[in-house]
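So the chains spell out like this:
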Protein chains: 2
Amino acid sequence: SCTEAVLAEAAGAAARPCPCPLPREDCALSRLLRRLLSARRSLDICLFAFSSPQLGRAVQLLHRRGVRVRMVTDAQYMGLQGSQIGLLRHAGIQVRHDQESGYMHHKFAIVDRRMLITGSLNWTTQAIHSNRENVLVMEDAEYVKPFLDEFERIWEEYNPTNYTFF
Amino acid sequence: SCTEAVLAEAAGAAARPCPCPLPREDCALSRLLRRLLSARRSLDICLFAFSSPQLGRAVQLLHRRGVRVRMVTDAQYMGLQGSQIGLLRHAGIQVRHDQESGYMHHKFAIVDRRMLITGSLNWTTQAIHSNRENVLVMEDAEYVKPFLDEFERIWEEYNPTNYTFF
C-alpha cells in the first residue's frame, strides 16, 4: 500500500516490538526523518511546537538541497527556549505565524504536496522521548487535499503583508 | 465514500464556507457530536484533555443508552478545573489514566470499533472555540486497526490492578 499508519508512541511499555535495532523512540523518529528526507520539491510544515534538533537539522538540510520549505507555527510558542524557529529563519527558511489569541494547534507536514504526515505529535524532544503519541502517514488524495488546502489558506492568512495594525 | 476529512479549524478567517447555518465552531462540533452519537455498541476514547460540556454530555448519553464506553486520559490533566473526567466517573463510566511522567498525548476516539476520529483536537472548549485544529474521521481498516490495537494495549497497561507500588 502507498499508505502506512505509524504509531510513534514513545513512552512506557517495552512490550511493543520494533523491527529495527534502535531504541523505540529512535526507531519512530528515524522513520519520520526518512519520510521528511524523501522530499524532492517542497515541504510544507504546520506545527504548534518545534524544538527537536534532529528534525530541525533535517529541515535545514532539505532547504540547502533546494527543496522549497514553508513553515507555519504558533506565535506564543515560537519564541520559547529550545524552539527551532529562530534557527530555521536564520537559515533563510520562510516562517509565518498566527496573529490570534487561540493556538495554531495543527501538527502536520506535507511532502511534495502528496504525502501527509499528521497526528498528535509536536516535533519536540519531550514529545518524542516521553509522551504517548501517534503519527499517521498517508498519500490518499482524499486525506491529503484538505490539509493542502488548509495549509495554503493559513499561509495566505498569516502573510505579514496582510496584517492589520491597530 | 465511507471516509471523510473534517477540518475543524475553529478560529480566525470567516472565508471558509460551511454548508450548515450554525456558526463555524458549532458546525464542526455538531459534525463531531453526530459521529459520536452514532455509536451503538462501543466508544473507546483516548484523550489528553477533556473539558467540553457538550462532548461530556454526549458521552454520558451514550453510556446511559448502554453503549460500552471506555476512557483513557492523562493523569496530570484530568484533575484540572473544568475537566469532564470526574463527571464521567461519577456517571459510572470506566476511566483509566497513565502512570508516567510524560503525557498521554493521544487525541482519538473509536466508534463501534470501526470509525476512527483523530487529529490535533483535544476535547476542550478552548480548542473548539479558539484554536486552529484538525479532525480526521476514517473507517479504513488499515488506519483504524493500529489505533484499536494501541487502545487495547494502553487499556491493559493502565489497568489499576497492574500497578506496581513503590
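Residues numbered from 1 in each chain as written. Chains lettered and ligands numbered in written order. Predicted model: local features only at pLDDT ≥ 70, side-chain atom pairs only at ≥ 80, totals over all residues. Heavy atoms only, no water.

> When you look at the overall build of chain A in this model, what are you seeing that I'm missing?
Scanning chain A for helices and strands turns up 6 helices and 7 strands. Along chain A, helices (α) and strands (β) appear in the sequence β-α-β-α-β-α-α-β-β-β-α-β-α when read from the amino end. When burial is assessed residue by residue, chain A has 55% of its 166 residues classed as buried. Expressed as a percentage of contacts within chain A between residues at least 6 apart in sequence, the contacts between residues at least 24 apart total 73%. Taken as a whole, chain A presents about 7,300 Å² of accessible surface, with 55% of it coming from carbon and sulfur. (Helix = DSSP H or I, 4+ residues; strand = E, 2+ residues; numbered from the N terminus. Buried < 20%, exposed > 50% of the residue type's maximum accessible area, 1.4 Å probe, protein only. Contact = heavy atoms within 4.5 Å. Areas by Shrake-Rupley, 256 points an atom, 1.4 Å probe, with all protein chains shown as cover.)

> Looking at this structure, I do not really get the side chain of Thr73 of chain A. What am I missing?
All names here are of chain A. With respect to the element layout, Thr73 can be found in strand 3 (residues 68–73). A polar contact of 2.8 Å, which involves the side chain of Thr73, links it to the backbone oxygen of Leu47. The residues contacting Thr73, other than those within four sequence positions of it, are Leu47, Phe48, Met78, Ile85, Val95, Arg96, His97, Asp98 and Met104. (Polar contact = N/O pair within 3.5 Å; in protein donor to acceptor, adjacent residues only side chain to side chain.)

> Would you mind showing me how to read the packing of aromatic side chains here?
Aromatic rings in a pair are described by how distant their centres are and how their planes are angled relative to each other. Residues and elements named next belong to chain A. Per the stated rule, a full pass over the model turns up 13 aromatic pairs over all chains. Ring centres of Phe151 and Trp155 lie 5.8 Å apart, and the angle between their planes is 15°; on these two criteria the pair is classed as stacked. A residue pair is termed a helical-turn pair when its members lie 3 or 4 positions apart in one helix, as Phe151 and Trp155 do in helix 6 (residues 141–157) at 4 residues. Here Phe151 matches Trp155 in class, with each residue buried. Its end group placed over the ring of Trp155, Arg96 keeps NZ or CZ at 4.1 Å from the ring centre. (Phe/Tyr/Trp six-rings, centres within 6.5 Å; stacked < 30°, edge-to-face > 60°. Lys NZ or Arg CZ within 6 Å of the ring centre and 35° of its normal.)

> Got a minute to help me understand the UniProt feature "domain: PLD phosphodiesterase" (unreviewed entry) in chain A in this structure?
Mapped onto this numbering, the UniProt entry annotates "domain: PLD phosphodiesterase" (unreviewed entry) at residues 100–127 of chain A. Taken end to end, residues 100–127 of chain A has its terminal C-alpha atoms 24 Å apart, with 11% of it in helix and 36% in strand. (UniProt positions renumbered as here; feature names shortened; annotations may be inferred.)

> What should I look at first to understand the side chain of Asn134 of chain B in this one?
Position of Asn134 of chain B relative to the elements: it lies in the loop between helix 5 (125–130) and strand 7 (135–138). According to the relative accessible area criterion, Asn134 of chain B is buried, its value standing at 0%. For Asn134 of chain B, the side chain forms a polar contact with the side chain of His106 of chain A, separated by 2.8 Å.

> Help me understand the pairing of strand 7 (residues 135–138) of chain A in this model?
Residues in a regular strand project their side chains so that they alternate between the two faces of the sheet. Residue and element names in this part refer to chain A. Burial along strand 7 is two-sided: the residues Val135 and Val137 and Leu136 and Met138 are all buried. Taken together, the 4 bridges between strand 6 (residues 115–119) and strand 7 define a ladder with antiparallel strand orientation. Among the inter-strand pairings, Ile117 is bridged to a residue of strand 7, identified as Val137. (Pairing = 2+ DSSP bridges.)

> I would appreciate a short explanation of helix 2 (residues 53–64) of chain A in the present structure.
In an α-helix there are 3.6 residues to a turn, and that puts residues three or four apart on one side. Residue and element names in this part refer to chain A. The end-to-end C-alpha separation of helix 2 is 16 Å, in line with the 16 Å expected for 12 residues at 1.5 Å each. All of the buried residues along helix 2 are Leu55, Gly56, Ala58, Val59, Gln60 and Leu62. Residue Gly66 follows helix 2 closely and has a positive phi angle near 100°. (Expected span 1.5 Å × (residues − 1).)

> Explain helix 6 of chain A to me, please; I cannot follow it from the model alone.
Over its 17 residues, helix 6 of chain A runs 24 Å from end to end, which matches the ideal 24 Å to within 8%, given 1.5 Å per residue. Restricting attention to buried positions, one finds in helix 6 of chain A the residues Tyr143, Val144, Pro146, Phe147, Leu148, Glu150, Phe151, Ile154 and Trp155 of chain A.

> I tried to follow unusual backbone geometry on my own but got confused; where do I start?
Working note: non-glycine residues mostly have negative phi, and peptide bonds are mostly trans. All names here are of chain A. For Asp112, which is not a glycine, the phi torsion comes out positive at approximately 50°. Residue position: Asp112 is located in the loop between strand 5 (107–111) and strand 6. In this structure Asp112 comes out as buried when scored by relative accessible area, which is 7%.

> In this structure, what is going on with the pattern of salt bridges? I would like to understand it.
Side chains that differ in sign of charge can pair as their charged atoms come close. Counted according to the given criterion, the structure contains 20 salt bridges over all chains. Across the salt bridge formed by Arg70 of chain A and Glu152 of chain A, the nearest N and O atoms sit 2.8 Å from each other. With Arg70 of chain A in strand 3 and Glu152 of chain A in helix 6, this residue pair connects regions lying 82 residues apart in the sequence. On the accessibility criterion, Glu152 of chain A (28% relative accessible area) is partly exposed. With a closest N to O distance of 2.9 Å, Arg113 of chain B and Glu152 of chain B form a salt bridge. Here the residue Arg113 of chain B occupies a position in the loop between strand 5 (107–111) and strand 6 (115–119), and Glu152 of chain B occupies one in helix 6 (residues 141–157), the gap between them amounting to 39 residues. Residue classification places Arg113 of chain B among the partly exposed positions, given a relative accessible area of 43%. The structure contains a network of salt bridges with shared partners spanning Glu100, Glu150, Arg153 and Glu157 of chain A together with Arg132 of chain B. (Salt bridge = Lys/Arg side-chain N within 4 Å of Asp/Glu carboxyl O.)

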